[in-house]
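Fold and contact review
Below, each chain spelled out in residue letters.
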Amino acid sequence: MRTYYQPEIFNQILDGVDRKRNIIATYYLKDRKEGVEFMDHLTLIQSLALESSTGTWEKVSEDTEEVRETLSCKLVGYYQIPNDDKYTAEAVIQFAMSIDAWIENVPMMLLSIAGMLLRIPNF
């Protein structure tokens, strides 16, 4: 199975982010799967970025390349945390979230940042 990562999410650095047009959100991730020594954190991060910004990690007709480029979260920091448990992966991540996604809707902004992403399906 081939894994594909969205370049508009991953090809970013914090220094290149317009801080007047983006909010930087910092998250702590901890995943544990008994018997699985490698977890693809990048796939999880991509799902978090898309769900938090464009509303879905699934491809829908309204989700165009322009929408993903303009409104999707951009990963600007990934800091893996070493641990002694080979079945656990931990990291601190940072997303740049475009304020254009909310159009002055503060409740939606707070929901996007705090989110309801306790569990992403298939992880």
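First, a word on scope: everything that follows refers to the structure included in this document.

Cut-off values and rules
- Residues numbered from 1 in each chain as written.
- Predicted model: local features only at pLDDT ≥ 70, side-chain atom pairs only at ≥ 80, totals over all residues.
- Heavy atoms only, no water.
- Helix = DSSP H or I, 4+ residues; strand = E, 2+ residues; numbered from the N terminus.
- Buried < 20%, exposed > 50% of the residue type's maximum accessible area, 1.4 Å probe, protein only.
- Contact = heavy atoms within 4.5 Å.
- Areas by Shrake-Rupley, 256 points an atom, 1.4 Å probe, with all protein chains shown as cover.
- Salt bridge = Lys/Arg side-chain N within 4 Å of Asp/Glu carboxyl O.
- Core = buried A, V, L, I, M, F, W, Y, C linked by side-chain atoms within 4.5 Å.
- Polar contact = N/O pair within 3.5 Å; in protein donor to acceptor, adjacent residues only side chain to side chain.

This part is about the overall build of the chain. When helices and strands are tallied, the chain shows four helices and three strands. Walking the chain from its N terminus toward its C terminus, one meets helices and strands in the order α-β-α-α-β-β-α. Among the 123 residues that make up the chain, the fraction classed as buried is 35%. Of the contacts formed within the chain by residues at least 6 apart in sequence, a portion of 67% connects residues at least 24 apart. Surface summary for the chain: the accessible area is close to 8200 Å², and the carbon and sulfur share equals 55%.

Now for the pattern of salt bridges. All told, the structure shown has three salt bridges when counted by the stated rule. Close ionic contact of Arg32 with Asp85 constitutes a salt bridge, the shortest N to O distance being 2.2 Å. Taken together, the residues span a long stretch of sequence, with Arg32 in strand E1 (residues 22-32) and Asp85 in the loop between strand E2 (74-81) and strand E3 (88-98) at a distance of 53 residues. On the accessibility criterion, Arg32 (44% relative accessible area) is partly exposed. If you follow the salt bridges from partner to partner, you end up with Arg32, Glu34 and Asp85 in one network.

Turning our eyes to something else, we now look at the nonpolar core. Judged by nonpolar contacts, the single largest core of 15 residues is most densely connected at Ile45, Leu75, Ile93 and Phe95. When contributions to this core are tallied by element, the ones reaching two or more residues are helix H1 (7-10), E1, helix H2 (41-53) and E3. With five residues, H2 is the largest single contributor of residues to this core. In this structure Phe95 touches Ile23, Ile24, Ala25, Tyr27, Ile45, Leu48, Ala49, Cys73, Lys74, Leu75 and Val76, once residues within four positions along its chain are discounted.

The residue Gln94 is located in strand E3 in this model. Side chain to side chain, Gln94 and Thr26 meet in a polar contact 3.2 Å long. Apart from the residues lying within four places of it in its own chain, the contact partners of Gln94 are Leu14, Ile24, Ala25, Thr26, Lys74, Leu75, Val76, Gly77 and Tyr79.

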